[in-house]
Amino acid sequence: VDIGGVKVRLRMPKNEALVPQVVFFDVKQHVGVLRELLQDLEAGERHILLIGNQGVGKNKIVDRLCGLLRMEREYIQLHRDTTVQALTVAPTLVDGVLTYQDSPLVKACKEGRVIMIDEADKAPLEVVCVLKGLLEDGHMLLGDGRRLASVDPDPSLPPDVIPVHPDFRAIVLANRPGYPFLGNDFFHECGDIFSCHLITNPDRESELELLRSYAGNVPEHILNKLTDVFSELRDAVTSGRLAYPYSTRELVNIVRHLDRFPTEALHNVIDNVISFDKHNKAAINVVREIFTKHGIPLLLTHTSPHSRTLAKPTPLP
């Protein structure tokens, strides 16, 4: 694969089903990120951390990278209730019987695959510490007594030692700390063991190119208006006027809906996206102001998006 002069040799996957194939459009900004990731892999970086708000395309970029390089990818998503055991063991139903098998993380270590660890900032501290030990030192004790170790495969190794494959890689995705994601500062805890990249929403040119690719039948002036609106919404988040960071994912969902249902009113489609803020009087005022400035009216009230009047009770005779 050659991206911008950076060349990396393709792999030969053993299991084609684990090589992700996603809908991905090569816009300028995302291609630039892919080039930087290729540079990391070519330089010998083993583990990569992508930090960015929800909906900026972190998962898509990693899946595209794995698909281009023909790398087998395992996936695990962390959350506040994730335990160390859940990190290493996965309950599976086989022929009606509940069994415990190696988790995607352990399989990736054994088989030399890429493990995508999503929502890493949501994990409890003890899980982060165990994960850091594996990625930094190459050692982790499993719940059944076995242990992963960065040693060369050797028939003389004890049966409870699992060598970590030299091709094992981890790509970790995390949101920025603070409101509204309320995650931990994962970079502060583990940033020193990763090659770190900040993923943001695409610039205006790249975002417009992306929207045209997803929704070719939507008029150009609508795409331009929506792009300008979302750019201003993000500026309002930066300045503290809004809390929710409206991302490219919401914008893509709007134009895809318009492309498929061209007769539906624009304000109805937008209502699905701004529902997070429409019950907050201060927030909806800011949102309404920005949309109205660009000629897109919003038919919302401060108290309720759909006003209802109850009938007066009438006693039975």
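A quick note: this is a predicted structure, and the numbers were derived from the prediction, not measured.

K.L.:
I would appreciate a short explanation of the sheet that holds strand S10 (residues 161-163) in the present structure.
P.N.:
Note on sheets: strands pair through backbone hydrogen bonds, and any given pair is parallel or antiparallel. Read across the sheet, three strands follow the order S8-S9-S10 without closing on themselves; strand pairing throughout is mixed. Bordering the open sheet on either side are strand S8 (139-141) and S10, each of which pairs with just one other strand. Adjacent strand axes in the sheet meet at a mean angle of 20 degrees when their direction is disregarded. Of the pairings in the sheet, the one linking S8 to strand S9 (residues 147-149) comprises three bridges and is antiparallel in character. Paired with His-139 across the bridge in S9 is Ala-149.

K.L.:
Just to check I follow, could you spell out the pairing of strand S5 (residues 89-94) for this structure?
P.N.:
Regular strands place side chains that alternate from one sheet face to the opposite one. Here six bridges tie S5 to strand S6 (residues 97-102), and the two strands are oriented antiparallel to one another. Within S6, the position partnered with Thr-92 by the bridge is Thr-99. If you look at the hairpin formed by S5 and S6, you'll find two residues sitting between the two strands, and Asp-95 has a positive phi there, around 55 degrees.

K.L.:
Got a minute to help me understand a nonpolar patch on the surface in this structure?
P.N.:
On the surface, a nonpolar cluster with roughly 380 Å² of combined accessible area is contributed by Leu-93, Leu-98 and Tyr-100. Mapping Leu-98 onto the fold places it in strand S6.

K.L.:
Quick question: what am I supposed to make of the side chain of Thr-82 here?
P.N.:
With respect to the helices, strands and loops of the structure, Thr-82 is situated in the loop between strand S4 (73-77) and helix H3 (84-88). Classification of Thr-82 as buried rests on a relative accessible area of 7%. Setting aside residues no more than four positions away along its own chain, Thr-82 makes contact with Gln-77, Pro-124 and Val-127.

K.L.:
For this particular structure, what's the right way to read the sheet that holds S4?
P.N.:
One open sheet accounts for five strands, arranged S4-S7-S11-S3-S12; its pairing is parallel. A single partner strand is all that each edge strand has here, and the edge strands are S4 and strand S12 (195-198). Within the sheet, the average angular offset between the axes of one strand and its neighbour, ignoring direction, is 20 degrees. The pairing of strand S3 (residues 47-51) with S12 spans four bridges and is parallel. The partner of Leu-50 across the bridge, within S12, is His-197.

Each value, and the rule that gives it
- Residues numbered from 1 in each chain as written.
- Predicted model: local features only at pLDDT ≥ 70, side-chain atom pairs only at ≥ 80, totals over all residues.
- Heavy atoms only, no water.
- Pairing = 2+ DSSP bridges.
- Helix = DSSP H or I, 4+ residues; strand = E, 2+ residues; numbered from the N terminus.
- Axes fitted to C-alpha atoms, helices over the stretch in contact; angles between N-to-C directions.
- Patch = residues over 30% accessible without salt bridge, like charges linked within 9 Å, V, L, I, M, F, W, Y side chains within 5 Å.
- Areas by Shrake-Rupley, 256 points an atom, 1.4 Å probe, with all protein chains shown as cover.
- Salt bridge = Lys/Arg side-chain N within 4 Å of Asp/Glu carboxyl O.
- Buried < 20%, exposed > 50% of the residue type's maximum accessible area, 1.4 Å probe, protein only.
- Contact = heavy atoms within 4.5 Å.

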